[in-house]
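A structural walkthrough
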Amino acid sequence: MNKARLIVITGPTASGKTRRAVDVARSVGGEIVSADSRQLYRGMDLGTGKDIDEYGEIPYHMIDIAPAGARLNLYTFLRDANAAIDDIAGRGKMPILCGGTGMYVEAVVNGLALPEVPENPELRQSLAGRTLAQLTEILSSMKQLHNVTDVDSCKRAIRAIEIATYYKEHPEAAVACKPRPRPDTLIIGVNIDRDSRRERITRRLKERLDNGMIDEVKGLIDSGVSPDDLIYYGLEYKYLTLHVTGRLSRDEMFTGLETAIHQFAKRQMTWFRGMERRGLHINWIDWNIGTDEFVDRVKELAGL
């Protein structure tokens, strides 16, 4: 590969991606672009593991760009993340995409392009009053459902039908969206064994609870974010909200959340293996090697 134009550092939760990305950025003169679907939202700090203090003097992007309670989509992420990457490169710095949301990482690397689909008031009117099951059936007749978040609410299902209808009526838009993979992209995966990952997940969960994660959720609700909107984000915000609103005891919350995070990490690894099957090469580097050794290995692979 030629000298890398984009470095990606990914891996499952609790693998230490952020610290590794910061170390690499500090060595190569880089800036970090987050590829985490929940770190986009302001006020959601402990629950998303932003670890802002780890960045130090390293500039970061795609963190705290929307209010808690908002629901940004892949189109919005790609638009803003690609703009950040191009801006960083244009200033002679190395963009470093860091995060564990595999769909976001893969979309950026593959150069997925999504047009901005306008609202269709007539279609929305015709779908108003349909149940989620009915909307799901309509959408599944139009396309294969890969992303379950398309049908996690009536509002999102109607939007997905709106988009699918737009592509059907404007086939030229689908052609224009043909992916254009980013050239000279180096993908680094932080490789952590299952037992270490599980231990770190549990330890980190306890630390975040001790540091005030429950109070963070209470504060978000007190600020006007609805419990249902927080539950939508899943994992920490789902279980903590259920606890804060009296539907789970603290022990039930902890046990259920711990299990859910372990399952989430397994799904992340499944996605990364799928990326490799789909032709993307991930260079796996052990999570527990020394800082200098990790950075030197990345620089060697990046041709720096």
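Before any of the text, the structure's been laid out above.
Only a predicted model underlies this, so the values are computations on that prediction, with no experimental measurement involved. (Residues numbered from 1 in each chain as written. Predicted model: local features only at pLDDT ≥ 70, side-chain atom pairs only at ≥ 80, totals over all residues. Heavy atoms only, no water.)

Glancing now at the sheet that holds strand β4 (residues 60–61). Pairing in this open sheet of six strands is parallel, and the strands run β4-β2-β6-β1-β7-β8 from one edge to the other. Two strands close off the open sheet at either side, each with one partner strand: β4 and β8 (283–286). Along the sheet, helix α2 (residues 74–90) makes contact with β1 (6–10), β2 (30–34), β4 and β6 (94–98), crossing β2 at roughly 180°. (Pairing = 2+ DSSP bridges. Helix = DSSP H or I, 4+ residues; strand = E, 2+ residues; numbered from the N terminus. Contact = heavy atoms within 4.5 Å. Axes fitted to C-alpha atoms, helices over the stretch in contact; angles between N-to-C directions.)

Turning next to the pairing of β8. Every second residue of β8 is oriented toward a common face, the buried set being N283 and I285 and the non-buried set W284 and D286. Pairing geometry for strand β7 (residues 185–191) and β8, over four bridges, is parallel. Paired with G189 across the bridge in β8 is W284. (Buried < 20%, exposed > 50% of the residue type's maximum accessible area, 1.4 Å probe, protein only.)

The next thing to look at is the nonpolar core. The biggest cluster of nonpolar side chains holds 50 residues, and the ones touching the most others in it are V33, F77 and L209. Only β1, α2, α3 (102–109), α8 (194–210), α9 (213–222), α11 (235–244) and α12 (250–277) provide two or more residues apiece to this core. Considering each element in turn, this core owes the most residues, nine residues, to α12. With 25 residues, the next largest nonpolar core counts A4, V24, I32 and W287 among its residues. (Core = buried A, V, L, I, M, F, W, Y, C linked by side-chain atoms within 4.5 Å.)

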